Amino acid sequence: MDIAKFKPNTVYVTYIASTPEKVWQALTDPAFTRQYFGGFAIDVEPSEGGAFFLRYPDGRVHMSGRVIDWSPPRRFSCTWLVEGMAEFRALPECLVTYEIEPAGGAVKLTMTEAHSWAVPDAILAGGRAGWPAILSSLKSVLETGKPLDIKMAPPEGMVEAVKQAVAAKAWMKG
Amino acid sequence: MNKPSFVYVTYIRSTPEKVWDAITDIKISGQYWGGGCHRNVSDWKAGSKWEHQRNDESGVADVVGTVIESKRPGRLVITWAAPSEAADPEKTSRVVFEIEPHKDDVVRLTVTHSELEPGSDMLRGISSGWPLVLSSLKSFLETGKVVPK
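Participant: Before we go on, may I ask you to explain the interface of chain B and chain A in this structure?
Facilitator: Bring the parts together and some accessible area is lost; that lost area is often taken as the interface size. In this assembly, 20 residues from chain B lie in contact with 19 residues from chain A. The set of elements that each furnish at least two residues to the side of chain B that touches chain A consists of β1 (6-13), β6 (93-103) and α3 (121-143) of chain B. Sort the elements by how many residues they give to the side of chain B that touches chain A and α3 of chain B lands first, with 8 residues.

Participant: Would you mind going over the nonpolar core with me for this structure?
Facilitator: Side chains that are nonpolar tend, in soluble globular proteins, to be buried together. Counting residues in hydrophobic clusters, the biggest one holds 78 residues, and the most contacted among them are Val23 and Leu109 of chain A together with Val19 and Leu109 of chain B. Per element, the largest residue contribution to this core is 7 residues, and it comes from helix α3 (residues 121-144) of chain A. Ignoring any residue separated from it by four or fewer positions in sequence, one finds valine 23 of chain A in contact with Ile16, Ser18, Ile100, Val107, Leu109 and Leu142 of chain A.

Participant: Just to check I follow, could you spell out the confidence of the model for chain B for this structure?
Facilitator: When pLDDT is low, close inspection of the predicted coordinates is not appropriate. When pLDDT is averaged along chain B, the result is 95; 99% of the residues meet or exceed 70. Model confidence for the complex is summarised by a pTM of 0.96, with the ipTM given as 0.95.

Participant: Sorry if this is basic, but what is going on with the sheet that holds strand β5 (residues 75-80) of chain B here?
Facilitator: Hydrogen bonds along the backbone pair up the strands of a sheet, which may run parallel or antiparallel. Residue and element names in this part refer to chain B. Here we have 7 strands laid out as an open sheet, ordered β1-β7-β6-β5-β4-β3-β2, and antiparallel in their pairing. Two strands in the sheet have a free side with no partner beyond their single neighbour: β1 and β2 (38-41). Averaged over all pairs of adjacent strands, the angle between their axes in this sheet comes to 25°, without regard to strand direction. Both strand β3 (residues 49-54) and strand β4 (residues 61-71) contribute to a ladder of 5 bridges, which runs antiparallel. Across the sheet, lysine 49 pairs through a bridge with threonine 66, a residue of β4. Its contacts with the sheet place helix α1 (residues 16-24) against β1, β2, β5, β6 and β7 (106-114), and it is angled at close to 155° to β6.

Participant: Just to check I follow, could you spell out the environment of tyrosine 8 of chain B for this structure?
Facilitator: Residue and element names in this part refer to chain B. On the secondary structure map, tyrosine 8 appears in strand β1. Taking the number of C-beta atoms within 10 Å as the measure of exposure, tyrosine 8 has 21 and is therefore buried. For the pair formed by tyrosine 8 and leucine 134, sequence separation is 126 residues and the distance between their alpha carbons is 8.5 Å. In this view, tyrosine 8 contacts Val111, Trp130, Pro131 and Leu134; residues no more than four positions away in its chain are not counted.

Participant: In this structure, what is going on with the packing of α1 of chain B against α3 of chain B? I would like to understand it.
Facilitator: A pair of packed helices can be characterised by two numbers: the angle between their axes and the separation between those axes. All names here are of chain B. Packing of α1 against α3 brings their axes to within 11 Å, and their N-to-C directions diverge by 125°. Considering the angle they form, α1 stands oblique to α3. Both α1 and α3 take part in a crossing whose hand is right-handed. Residues Lys18, Val19 and Ala22 of α1 lie in contact with α3, whose contacting residues are Leu137, Phe140 and Leu141.

Participant: What's the story with the environment of threonine 143 of chain B in this structure? I'm lost.
Facilitator: Here threonine 143 of chain B lies in helix α3. Threonine 143 of chain B sits 130 residues away from arginine 13 of chain B along the chain, and the two C-alpha atoms are 9.8 Å apart. Among all residues touching threonine 143 of chain B, those that are not within four sequence positions of it are Glu143 and Thr144 of chain A.

Participant: Looking at this model, I keep getting lost on helix α1 (residues 20-28) of chain A. Mind explaining?
Facilitator: Note: α-helices contain 3.6 residues per turn, so residues at a spacing of three or four share the same orientation. All of the buried residues along α1 of chain A are Val23, Trp24, Ala26 and Leu27 of chain A. Each buried residue of α1 of chain A sits inside an arc of 160° when the element is viewed along its axis, so together they form one side.

Participant: Explain the sheet that holds strand β6 (residues 94-103) of chain A to me, please; I cannot follow it from the model alone.
Facilitator: All names here are of chain A. Pairing within the open sheet is antiparallel, and its 7 strands lie in the order β1-β7-β6-β5-β4-β3-β2. The sheet terminates laterally at β1 (7-16) and β2 (41-44), the two strands that pair on one side only. In this sheet, adjacent strand axes meet at a mean angle of 25° when their direction is disregarded. Two elements, strand β5 (residues 75-82) and β6, share 6 bridges in a ladder whose sense is antiparallel. Within β6, the position partnered with tryptophan 80 by the bridge is cysteine 94. Contacting β1 and β7 (106-115), α3 runs over the sheet at an angle of about 20° to β1.

How each quantity is defined
Residues numbered from 1 in each chain as written. Chains lettered and ligands numbered in written order. Predicted model: local features only at pLDDT ≥ 70, side-chain atom pairs only at ≥ 80, totals over all residues. Contact = placed C-beta atoms within 7 Å. Helix = DSSP H or I, 4+ residues; strand = E, 2+ residues; numbered from the N terminus. Core = buried A, V, L, I, M, F, W, Y, C linked by C-beta atoms within 7 Å. Buried ≥ 20, exposed ≤ 12 C-beta atoms within 10 Å, placed from the backbone. pLDDT = per-residue confidence, 0-100. Pairing = 2+ DSSP bridges. Axes fitted to C-alpha atoms, helices over the stretch in contact; angles between N-to-C directions. Parallel < 35°, antiparallel > 145°, perpendicular 65-115°, else oblique. Left-handed = near helix turned anticlockwise from the far one by under 90°. Arc of directions from axis to C-beta.

Next comes the structure, spelled out in structure tokens:
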């Protein structure tokens, strides 16, 4: 896979009163992701090329991918393919990268979602709505021990846009 | 002309009133904004001036503007400019704060900073500044402490 083809479309930055090691654990340990990531448990082989999954509570796969960069506690990058929602399964994988940097007495966490094709805004809206919720809750878990109860659903028009992109194989163009 | 915008969304365990007050109250804003080095000052009535002042005796304003719309606790719209550029409409941008009850004890705060000048120091400054300020606001409301500098 040619990582250079992936261009960042969505970036979210949050500062957390924590340590890089704890932020790394929150991103990669299923006991943490279950709390703030829509109930999904991460299941990741901790090395470059390793398998990556986000699983429903019953173990079914919601997301799958491959680890592109595993550099604790600084950088975790993997590909994402949505498997859990039928309409989304045919979409090309995206690339999600977390960067963890010390920032004074706190930690700067940067999430970047990158794509290898010209993704319509109506599809990007999914990540743009979801990441602030997920990462706000992650911050609350690390700072207060308690996640936030946030409703998560695809934004209006997203599923339709995915169906259209899949029908047109929009990523084959240009 | 198409001018860039910056949007930041955060979810906070709080009430809309507390989020509103944290943004607008001189004492509360002075505790977390820029790690306590700035405060927001106005009577927050539509048409009034507002100032983003240094939180010291000088009270020097580093950002100034006008309150366009003020509906506690849901919606605040202000203009935003460096004091030296405040007379230039091209260099005056606009900030909308939307504060919505989300679910139970969770509030969604959306800050939309628009009409920015492409390539400007202001665009660069606010793009790195809002995540820091709003992360600190969230920590302050949820834990009583700011994000350490």
